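# Commentary on secondary and tertiary structure
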Number of protein chains: 2
Amino acid sequence: MTDNQIIKLSELKSHCQNCSLYDLCLPMGLKTGDLDSLDNVIKRRQSINKNNFLFRLGDSLKSVYAIRSGSFKTYLINTDGNEQIVGFSLPGELLGMDAIGENQHTCTAKALETSSVCEIPFDRLESLARDIPNLQHQLFRLLSKEIQQDQNLMLLLAQMPAETRLASFLLGMSERLSKRGYAANEFNLSMSRGDIANLLGMAVETISRLLSHFQENSLLNVERKHITILDMDKLRQLANHSAVNCSNSSQVS
Amino acid sequence: MTDNQIIKLSELKSHCQNCSLYDLCLPMGLKTGDLDSLDNVIKRRQSINKNNFLFRLGDSLKSVYAIRSGSFKTYLINTDGNEQIVGFSLPGELLGMDAIGENQHTCTAKALETSSVCEIPFDRLESLARDIPNLQHQLFRLLSKEIQQDQNLMLLLAQMPAETRLASFLLGMSERLSKRGYAANEFNLSMSRGDIANLLGMAVETISRLLSHFQENSLLNVERKHITILDMDKLRQLANHSAVNCSNSSQVS
DNA sequence: TAGAGTCGTTGATCTAGATCAAATTGGCAA
DNA sequence: TTGCCAATTTGATCTAGATCAACGACTCTA
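Everything in this summary refers to the structure shown in the same document. The residue numbers shown here count from 1 along each chain, following its written sequence. Ligands are numbered from 1 and chains lettered from A, in the order in which they are written. At least 70 in pLDDT is required for a residue's local features to be given in this predicted model, at least 80 for side-chain atom pairs to be given and counted, and no such filter applies to totals for whole chains, interfaces and linings, which use all residues. To get the side-chain values, all heavy atoms of the structure are used, and hydrogens and water are removed first.

### Looking at the overall build of chain A
Helical segments are the DSSP runs of H or I of at least four residues, strand segments are the runs of E of at least two, and each set is numbered from the N terminus. Counting its regular elements, chain A contains eight helices and 11 strands. Put simply, the radius of gyration uses C-alpha atoms, and a globule should come to 2.2 Å times the residue count raised to 0.38. Against the globule reference of 18 Å for 253 residues, chain A gives a C-alpha radius of gyration of 19 Å, in line with a compact fold. For chain A, the spread of C-alpha atoms along the three principal axes comes to 55 × 50 × 30 Å. Residues classed as buried in chain A amount to 55% of the 253 residues present. For chain A, the proportion of contacts with a sequence separation of at least 24, taken over those separated by at least 6, is 74%. For the area figures, the Shrake-Rupley method with a 1.4 Å probe applies, and any residue is considered shielded solely by the protein chains shown. For chain A, the exposed surface amounts to about 10500 Å²; the carbon and sulfur share of it is 45%. Treating the 26 positive side-chain charges of chain A as one cloud and the 28 negative ones as another, the clouds have centres 2 Å apart. Only protein chains enter the accessibility calculation, which uses a 1.4 Å probe. A residue is then buried if its area is under 20% of the maximum for its type, exposed if over 50%, and partly exposed in between. We call two residues in contact when some of their heavy atoms are within 4.5 Å. In this charge count, Lys and Arg are treated as positive and Asp and Glu as negative; neither His nor the chain ends contribute. To locate a charge, take NZ of a lysine, CZ of an arginine, CG of an aspartate or CD of a glutamate.

### Side note on the nonpolar core
Membership of the largest hydrophobic core comes to 107 residues, with the highest contact counts inside it found for Leu 166 and Phe 169 of chain A together with Leu 166 and Phe 169 of chain B. Residue contacts for Leu 166 of chain A: discarding those within four places in its chain leaves Ile 196, Leu 200, Ile 207, Leu 210, Leu 211 and Phe 214 of chain A. As used in this record, nonpolar core signifies buried Ala, Val, Leu, Ile, Met, Phe, Trp, Tyr and Cys residues forming a set joined through side-chain atoms within 4.5 Å. Formed by 56 residues, the second largest nonpolar core is a distinct cluster that contains Cys 25 and Leu 26 of chain A together with Leu 61 and Leu 128 of chain B.

### A word on the pairing of strand S5 (residues 83–89) of chain A
Residue and element names in this part refer to chain A. With six of seven residues buried, S5 is to be regarded as a mostly interior element. Two elements, strand S4 (residues 72–77) and S5, share six bridges in a ladder whose sense is antiparallel. Paired with Lys 73 across the two strands is Phe 88, which belongs to S5. For two strands to be treated as a pair, DSSP must find at least two bridges joining them. What sits between the antiparallel neighbours S4 and S5 is a turn of five residues, in which Gly 81 has the positive phi angle 90°.

### Examining unusual backbone geometry
Non-glycine residue Asn 51 of chain A carries a positive phi angle of around 70°. In this fold, Asn 51 of chain A is placed in the loop between strand S1 (43–48) and strand S2 (53–55). On the basis of relative accessible area, Asn 51 of chain A is assigned to the partly exposed category, the value being 43%. Even without being a glycine, Asn 240 of chain B presents a positive backbone phi close to 65°. Structurally, Asn 240 of chain B can be placed in the segment after helix H8 (232–238).

Scope: geometric values only; no functional claims are made or implied.
This is how it looks when you write it as structure tokens:
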């Protein structure tokens, strides 16, 4: 690799236009000129180590964050002091929009692995949205999509048995990851069994047992965090043909 | 009542400025000039009979609706064809924002009783939001508030026992109704036991038993749909000091 | 590289709340 | 009014999945 190429590479990495997540992230559907405006607003790259916080419940809203790599869990703290995970976030998703209502974050976002994000100061994003109708519409879309996702998760929690919940969760992860260019049938879960259990309203033991059970039935291959989906159709059947997108963060498409 | 008064009354009823829900509804925080613009956009008054639909899953997004009187339930249909209620909506709340993401409604809104709404064409609202920064911010707030509410309901569904769920639901209804000027400790539930059970992910029988139980313990007085809260503190305790706002519609404050 | 702590798995038991069954009440159409 | 249907209540039973318990496997630290 020549010096020239190296320079180009670093240049590539620093603009929305050339970001590999371009069509997943906020810029989707913006015209070139508008993209430049957005580009100017974004504070690029910030690295967060595993178990560190991107923001915490109660933090005042300064920025929203586009995830470049890694993953996060977002959770509430209930009155007993326990966490309730409300979503896992993957690259290309926008995190932190929850705070707009109260001007402060209503949940905490913790890195599940070393991750990197683009920081977007919110006040500038909001004023930019007034100048770029398309961006305003995009933001409305993101928020309303998130509501839909949460509602689907509510449905799952309110009336689906454990098996359906887990199948639906795995299917959702598979779909989201495949959108990001990863294999649909083979991936690593960055979150613990406990985190999955918490999100789905079940006990860790039940998650573990179901995974073993899925493996016995040749639906999955489970090797610690590494999941291989062997029979997608069967999994879909168990999931009632509905994959939950438990992102609790905003996805464009 | 003189003719003159009648005329004035009808005039009163037809403008946001004079609506009794003024400070609950969308106009909150807008300046007089901006209010006039909003006023011009609103198609006033539409009456919906019990069990009729305000919109249905799949309908294309034309308008959002501000509830003037009555109440609605909003629900999804799961893959087995069963409904999953995601919220109940009361006067002063905005219904239909769910549709922005896909440009079509992702849930169905059905009147629980004869109700009346103000219809607000969405395209005009969106363009108005670009001209009125405060309105744009207001809309962002509404959407993000709804996300918060849904997340709190998720927490309830994922980790709280039946008793806490119902107590929290009743507390939420009480709080919302009292904001609307009704008594906090005495109200009518417009939805059936079955609807409550569905929202909270429980069986009708459990709802019924718990209500009887609450009554035995002098927490409540239950007479069919009419609920009187006798011991608010105790109810709060059972609810873990968290009231779910299961509005699935947007509330300003 | 030993030791401690965390995470995951598996088995045994228990229980909150579902499901099934039946009686009671109320609302409403004819 | 009567009769019917839907909603609610109450009781009896059953079960999915929680909880408790014990152990094996990884991972991090020193």
